[in-house]
Amino acid sequence: MNLADDALCDLHLHSTASDGSMTPKEVVRSAHAAGMRGMALTDHDTVAGFIEARREAEDLEIEILSGVEISAVHDSNEVHILGYDFDVEDRPFCELLDDLRERRNRRIPKIVTRLNEIGIPIQSERVFAIAENQSPGRPHIARVLVELEICRTTQEAFDRYLGDGKPAHLKRNAISAEQAISAIHAAGGIASLAHPAMRSSHPPGGLSGQIESLRRLGLDALEVHHPSHLRRTRRNLKRLARHFELLMTGGSDCHGDGSPGVAIGRGRGDLRVPFALFDALQQRNRAESQASPETGPRPA
Ligand code: AMP
Ligand code: FE
Ligand code: FE
Ligand code: ZN
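For the structure given in this document, a descriptive report is provided here. What you see is a predicted model, and the numbers here were worked out from it, not measured in a lab.

## Description of the sheet that holds strand 8 (residues 221-225)
The six strands are arranged 6-4-5-7-8-9 in an open sheet whose pairing can be described as mixed. In this open sheet, the two strands that pair with only one neighbour each are strand 6 (175-176) and strand 9 (247-250). As defined by bridge partners, strand 5 (residues 77-84) adjoins strand 7 (residues 190-193) across four bridges and the pair is classed as antiparallel. Paired with tyrosine 84 across the bridge in strand 7 is isoleucine 190. Contacting strand 4 (67-74) and strand 6, helix 3 (residues 91-117) crosses the sheet at an angle of about 65° to strand 4.

What follows is the structure, encoded as structure tokens:
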């Protein structure tokens, strides 16, 4: 394998299996067309797109890791935990993801009721239809609000109704970050903190304190490269990753039409995630699973 220094990867991508607009196959094709050597599909709370993505990745000879993005809470703050290179058929892990999607299914009608209460005639059935009964979330509600011509764009739907703190925002009944990290480890994977600098509130002890406490719970990596991170933030996150001996990950978090101006592999134009990060993650994980073949939660 030619590990040229300029080889790139994208380790944060969404498909129609959650709230992206491209099918898993289209995501892989776009990553390949953008020149990526490696990728991971990280749909919210589901691995339903993986088999299709892997088939396409094999055809196009782009390297792929299994992936997922789990919404969790830590010290009352919502955090997103990325899981990589785990066994997508691990039974307890699949059961956990099923449970998380069930919680999503229960949350949709509650948000819809809030919208109805403020006079918006939206129906849950349409939201589930748009989500194709996969991993429904606020972006699918936003699309229905656009369809009903109540909002011009999905962004407007978040800004007016669905975003954190807006009238129809409903806190999710999420699992703890500790549970998410342990479950990823038990399925043989690596856990990374997604977009650490993109938060609606400030955790106690600031970013460094949050990372330190997640490290104690077994966190393996930090998402350093993300379109929401300015150069200064990336530098700070690299420093924190080195300080806490964490691996680094990165990706565009592209949702297709749901993230205008963000391209796979390139983010807003200046994203460059070295393929070396993909390689380091895979090597570390495979070395650890050889060291403990009975896969179980690793000590923090
Ligand atoms: P949910 O998983 O239902 O809580 O929805 C979260 C998803 O909605 C995120 O993964 C983003 O894709 C999108 N999202 C969250 N907040 C915003 C926002 N303020 N503006 C646009 N999209 C957002
Ligand atoms: Fe999303
Ligand atoms: Fe996220
Ligand atoms: Zn994401």
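## Quick word on the sheet that holds strand 1 (residues 8-10)
Within the open sheet, the three strands sit side by side as 1-2-3. Their pairing is parallel. Sheet topology places strand 1 and strand 3 (63-65) at the edges, where each strand pairs with a single neighbour. Each neighbouring strand pair of the sheet contributes to a mean axis angle of 20°, computed without reference to strand direction. Pairing of strand 2 (residues 36-40) with strand 3 involves three bridges; the strand directions are parallel. Its bridge partner being in strand 3, alanine 40 is matched across the sheet by leucine 65. Its contacts with the sheet put helix 10 (residues 275-291) on strand 1, strand 2 and strand 3, and the angle it makes with strand 3 is roughly 50°.

## Overview of the coordination of the zinc ion (ligand 4)
Around a metal, the ideal angle is 109.5 degrees if four donors adopt a tetrahedral arrangement and 90 or 180 degrees if six donors adopt an octahedral arrangement. Looking at the metal site, the zinc ion (ligand 4) is ligated by His12 (NE2), His14 (NE2), Glu69 (OE) and Asp253 (OD), spaced 2.1 to 2.3 Å from it. Taken together, the four donor atoms coordinating the zinc ion (ligand 4) span angles of 80 to 168° at the metal, a pattern that classifies the geometry as irregular. Taken in sequence order, the residues that donate to the zinc ion (ligand 4) follow the motif H-x1-H-x54-E-x183-D. Between the zinc ion (ligand 4) and the iron ion (ligand 2) there is a metal-metal distance of 4.8 Å. With a gap of 239 residues between them, histidine 14 in the loop between strand 1 and helix 1 (24-33) and aspartate 253 in the loop between strand 9 and helix 10 connect regions that are remote in the sequence.

## A closer look at the site of ligand 1
Around ligand 1, the structure places Asp19, His44, Arg104, Arg107, Gly137, Arg138, Pro139, Gln155, Phe158, Arg172 and His255. Within the side chain of arginine 104, an N or O atom sits 3.1 Å from an oxygen atom of ligand 1. The side chain of arginine 107 places a nitrogen or oxygen atom 3.0 Å from an oxygen atom of ligand 1. For ligand 1, whose unbound accessible area comes to 500 Å², protein coverage reaches 75%. When residues of the shell around ligand 1 are traced back to their parent elements, those giving at least two are helix 3, helix 5 (138-147) and helix 6 (154-162). When grouped by side-chain class, the residues that make up the shell around ligand 1 number two nonpolar, four polar and five charged.

## Some remarks on the packing of aromatic side chains
A full pass over the atoms with the stated rule returns two aromatic pairs. Both rings, one in phenylalanine 275 and one in phenylalanine 278, keep their centres 4.8 Å apart while their planes meet at 20°; by these two values the pair is stacked. Separated by three residues within a single helix, phenylalanine 275 and phenylalanine 278 lie in helix 10, roughly one turn from each other. On the accessibility criterion, phenylalanine 275 (1% relative accessible area) is buried. In this structure, arginine 37 packs its charged tip against the face of phenylalanine 275, placed 5.9 Å from the ring centre.

The rules behind the values
Residues numbered from 1 in each chain as written. Chains lettered and ligands numbered in written order. Predicted model: local features only at pLDDT ≥ 70, side-chain atom pairs only at ≥ 80, totals over all residues. Heavy atoms only, no water. Pairing = 2+ DSSP bridges. Helix = DSSP H or I, 4+ residues; strand = E, 2+ residues; numbered from the N terminus. Contact = heavy atoms within 4.5 Å. Axes fitted to C-alpha atoms, helices over the stretch in contact; angles between N-to-C directions. Donors = N, O, S within 2.8 Å, 3.2 Å for Na, K, Ca; no water. Tetrahedral: all angles 85-135°; square planar, octahedral: opposite > 155°, others 65-115°. Near = heavy atom within 4 Å. Polar contact = N/O pair within 3.5 Å; in protein donor to acceptor, adjacent residues only side chain to side chain. Areas by Shrake-Rupley, 256 points an atom, 1.4 Å probe, with all protein chains shown as cover. Nonpolar A, V, L, I, M, F, W, Y, C, P; charged D, E, K, R; others polar. Phe/Tyr/Trp six-rings, centres within 6.5 Å; stacked < 30°, edge-to-face > 60°. Buried < 20%, exposed > 50% of the residue type's maximum accessible area, 1.4 Å probe, protein only. Lys NZ or Arg CZ within 6 Å of the ring centre and 35° of its normal.

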